[in-house]
Amino acid sequence: NAGVTQTPKFQVLKTGQSMTLQCAQDMNHNSMYWYRQDPGMGLRLIYYSASEGTTDKGEVPNGYNVSRLNKREFSLRLESAAPSQTSVYFCASSGGGFGQNQPQHFGDGTRLSIL
Amino acid sequence: QQQVKQSPQSLIVQKGGIPIINCAYENTAFDYFPWYQQFPGKGPALLIAIRPDVSEKKEGRFTISFNKSAKQFSLHIMDSQPGDSATYFCAASGWGGTSYGKLTFGQGTILTVHP
């Protein structure tokens, strides 16, 4: 099983450019998440989607937008990239229904540099 | 606001030693406490998790100790091996209101196990 697949793996952007990070899971999970990982700060939640058709803000949503395209896919968009958005971005998914804390399965990340 | 504080930032032990990583949380609504292991270039992977109705959980060489009154939990790695060298993250989540399923991560601990 592929699990959670993220594309691209690496990307370099110039300030002001836009791009979309793609994420797909093949585990039939209801919930999907986007995190960013910065040195010394752990992982911080950007946006999440508890189920198909719903999205909600996490801890650090400013400068990002998301789309839950279908149950499998959850994309993250940077409309106007800024150097402060240089980070490693992780997508995750989890199963279970409302009120159930299920393990989150992570992709291998997208390493994004903004010059 | 950092709701989960993790220490130490880095830890070096000899093979066979017992590294201990500590986490403290603030939000009394948290009711699920997982630990994730991350190798370079990979996404975090669930290692072990505990709920507050037990004080200890063991899985192989990994043990979580949980102190609800002190709002602290820790990871112990018995008979540590060089292959355990990785970054370890504690996390916490609860549900109710808007906190469902959203993990709050600690800052991470870089563990090095020397042969």
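Anything mentioned here points back to the structure above.
Structure report, in brief. Owing to the predicted nature of the structure, the values given are computational and were not obtained by experimental measurement.

Residues and elements named next belong to chain A. The buried fraction of strand β8 (residues 74-78) amounts to four of the five residues, a majority that puts the element mostly inside the structure. Note: strand β3 (residues 19-25) against β8, three bridges, orientation antiparallel. Looking across to β8, one finds that T20 is bridged to R77. Of the pairings in the sheet, the one linking strand β7 (residues 64-68) to β8 comprises five bridges and is antiparallel in character. Residue pairing for β8: Y64 is matched across the bridge by L78. Taking the residues that link successive antiparallel strands as the turn, the β7-β8 hairpin has five residues.

Right, let's get into the pattern of salt bridges. Applying the stated rule across the entire model yields six salt bridges over all chains. Between A:D38 and A:R36 there is a salt bridge; the shortest N-O distance is 2.9 Å. B:R61 is the partner of B:D84 in a salt bridge, and the nearest nitrogen-oxygen pair spans 2.8 Å. With B:D84 in the loop between β8 (72-77) and β9 (86-94) and B:R61 in the loop between β6 (56-59) and β7 (62-67), this pair connects stretches of sequence that are 23 residues apart. With relative accessibility at 5%, the residue B:D84 sits in the buried group. Relative accessible area serves as the criterion here: at 27%, B:R61 is assigned to the partly exposed category. Beyond isolated ion pairs, a larger network of salt bridges with shared partners links A:R36, A:D38 and A:R44.

All names here are of chain A. The topology assignment puts R68 in strand β7. Despite its burial, R68 pairs with no opposite charge; the closest candidate is E52, at 6.3 Å N-O. Within the structure, the side chain of R68 is placed 2.9 Å from the backbone oxygen of N30, a separation counted as a polar contact. At 3.0 Å, the side chain of R68 and the backbone oxygen of N70 are in polar contact.

Take the pairing of strand β11 (residues 110-114) of chain A next. Residue and element names in this part refer to chain A. Burial of the side chains of β11 is restricted to one face: T110, L112 and I114 are buried, whereas none of R111 and S113 on the reverse face is. Summarising the sheet, strand β2 (residues 10-13) and β11 pair through four bridges and their orientation is parallel. If you follow Q11 over to β11, its bridge partner there is L112. The pairing of strand β9 (residues 87-94) with β11 spans three bridges and is classified as antiparallel.

Below, the discussion takes up the packing of aromatic side chains. One pass over the full model with this rule turns up 18 aromatic pairs over all chains. Between A:F106 and B:F105, the ring centres sit 6.3 Å apart and the planes meet at 75°, which makes this aromatic pair edge-to-face. Residue A:F106 is located in strand β10 (residues 105-106), and its partner B:F105 is located in strand β10 (residues 104-105); the two belong to separate chains. B:F105 carries the same exposure label as A:F106, and that label is buried. Look at B:Y36 and B:F105: their rings are 5.8 Å apart centre to centre, the planes differ by 55°, and that puts the pair in the tilted class. Remark: B:F105 occurs in strand β10 and B:Y36 occurs in strand β4 (residues 30-38); sequence separation between them is 69 residues.

A:T7 connects to A:P8 through a cis peptide bond whose omega is -5°. As for its placement among the helices and strands, A:P8 is situated in the loop between β1 (4-7) and β2. Going from B:S7 to B:P8, the amide bond is cis rather than trans, its omega being 0°. Position of B:P8 relative to the elements: it lies in the loop between β1 (4-7) and β2 (10-14). One non-glycine residue, A:N28, lies in positive phi territory at about 60°. Note that A:N28 resides in the loop between β3 and β4 (31-37). Even without being glycine, B:D79 reaches a positive phi, approximately 45°. Of the residues examined, B:D79 reaches a relative accessible area of 42% and is grouped as partly exposed.

What follows deals with the environment of A:G107. Looking at the secondary structure, you find A:G107 in the loop between β10 and β11. Distance in space between the C-alpha atoms of A:G107 and A:T7 is 9.6 Å, their sequence separation being 100 residues. Residues within four places of A:G107 in sequence aside, it is in contact with A:V4, A:Q6, A:F90, A:C91 and B:G43.

Parameters at a glance
- Residues numbered from 1 in each chain as written.
- Chains lettered and ligands numbered in written order.
- Predicted model: local features only at pLDDT ≥ 70, side-chain atom pairs only at ≥ 80, totals over all residues.
- Heavy atoms only, no water.
- Buried < 20%, exposed > 50% of the residue type's maximum accessible area, 1.4 Å probe, protein only.
- Helix = DSSP H or I, 4+ residues; strand = E, 2+ residues; numbered from the N terminus.
- Pairing = 2+ DSSP bridges.
- Salt bridge = Lys/Arg side-chain N within 4 Å of Asp/Glu carboxyl O.
- Lys, Arg positive; Asp, Glu negative; His and termini not counted.
- Polar contact = N/O pair within 3.5 Å; in protein donor to acceptor, adjacent residues only side chain to side chain.
- Phe/Tyr/Trp six-rings, centres within 6.5 Å; stacked < 30°, edge-to-face > 60°.
- Contact = heavy atoms within 4.5 Å.

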